[in-house]
Amino acid sequence: MAEPASITHTLEPIFDARSRVLVLGTMPSPKSREVGFYYGHPQNRFWKVMGTLFGEPEPQGNEGRTAFLLEHGIALWDILASCTIVGASDASIADPVPNDLTRIAACAPLSAVFTTGGTASSLYRRLCADMLPGIPHSSLPSTSPANARMRLPELVDAYRPVVDALFATEPLSLGT
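Since we're looking at a predicted model, the values are computed, not measured. (Residues numbered from 1 in each chain as written. Predicted model: local features only at pLDDT ≥ 70, side-chain atom pairs only at ≥ 80, totals over all residues. Heavy atoms only, no water.)

**What to know about the packing of helix 2 (residues 46–53) against helix 6 (residues 152–167)**
At a closest axis distance of 9 Å, the pairing of helix 2 and helix 6 adopts a crossing angle of 65°. Relative to helix 6, the crossing made by helix 2 is right-handed. Residues Phe46, Lys48, Val49, Met50, Thr52 and Leu53 of helix 2 lie in contact with helix 6, whose contacting residues are Leu152, Leu155, Val156, Tyr159, Arg160 and Val163. Within the contact of helix 2 with helix 6, the residues separate by chemical class into nine nonpolar, one polar and two charged. (Axes fitted to C-alpha atoms, helices over the stretch in contact; angles between N-to-C directions. Helix = DSSP H or I, 4+ residues; strand = E, 2+ residues; numbered from the N terminus. Left-handed = near helix turned anticlockwise from the far one by under 90°. Contact = heavy atoms within 4.5 Å. Nonpolar A, V, L, I, M, F, W, Y, C, P; charged D, E, K, R; others polar.)

Structure representation (structure tokens):
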């Protein structure tokens, strides 16, 4: 079994002044850190879900994925700036230190925050929700291969609130 390691987040957030929705994971996996981009494990279904939601091919490569997010008004980052973790196991996270999410909110007119997975949701509520007061938060299921109980069509349905938030003209009231 892998040993716990102290990890510092090295990926920059993706956002611009058009970003209306913020999607947050917990911490980049070893594979994501290796490829230098979010949801970099080839079995992770995040990018398949995103492409399907918008009726487009799965975005490919770091530049293509960045362009896709910005074109659709989606900001992407992680909750943690650093932590102690065993491999990619969110359940093993200790010593969490949050990223400063106000960095994105200061630039982007966010209307909703979504977290990917139970640990991300819990950490957001505990460490970050106060940074973004008044912005509704909703939990989404993990797209990790560890979440094998959900098939791709179910994940796509679960992620539809992201699209709804992007096209909402009224303030949202999302469940946490």
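On we go.
**What about the packing of aromatic side chains?**
Enumeration according to the criterion identifies six aromatic pairs in this entry. Their ring planes at 85° and their centres at 5.6 Å tell us that Phe54 and Phe68 sit as a pair that is edge-to-face. In this pair, Phe54 is assigned in the loop between helix 2 and helix 3 (61–71) and Phe68 in helix 3, connecting sequence segments 14 residues apart. With relative accessibility at 5%, the residue Phe68 sits in the buried group. Ring pairing ties together the aromatic residues Phe37, Tyr38, Tyr39, Phe46, Trp47 and Tyr159, which thus form one cluster. (Phe/Tyr/Trp six-rings, centres within 6.5 Å; stacked < 30°, edge-to-face > 60°. Buried < 20%, exposed > 50% of the residue type's maximum accessible area, 1.4 Å probe, protein only.)

**Comments concerning the sheet that holds strand 5 (residues 89–98)**
Taking strand neighbours across the sheet as the criterion, the three strands line up as 1-4-5 in an open arrangement whose pairing is antiparallel. Of all the strands in the sheet, just strand 1 (5–8) and strand 5 have a single pairing partner and so form its edges. Strand after strand, the sheet turns through a mean of 30° between neighbouring axes, direction not considered. Packed on one face of the sheet, helix 5 (residues 118–128) meets strand 4 (80–86) and strand 5 and runs near 20° to strand 5. (Pairing = 2+ DSSP bridges.)

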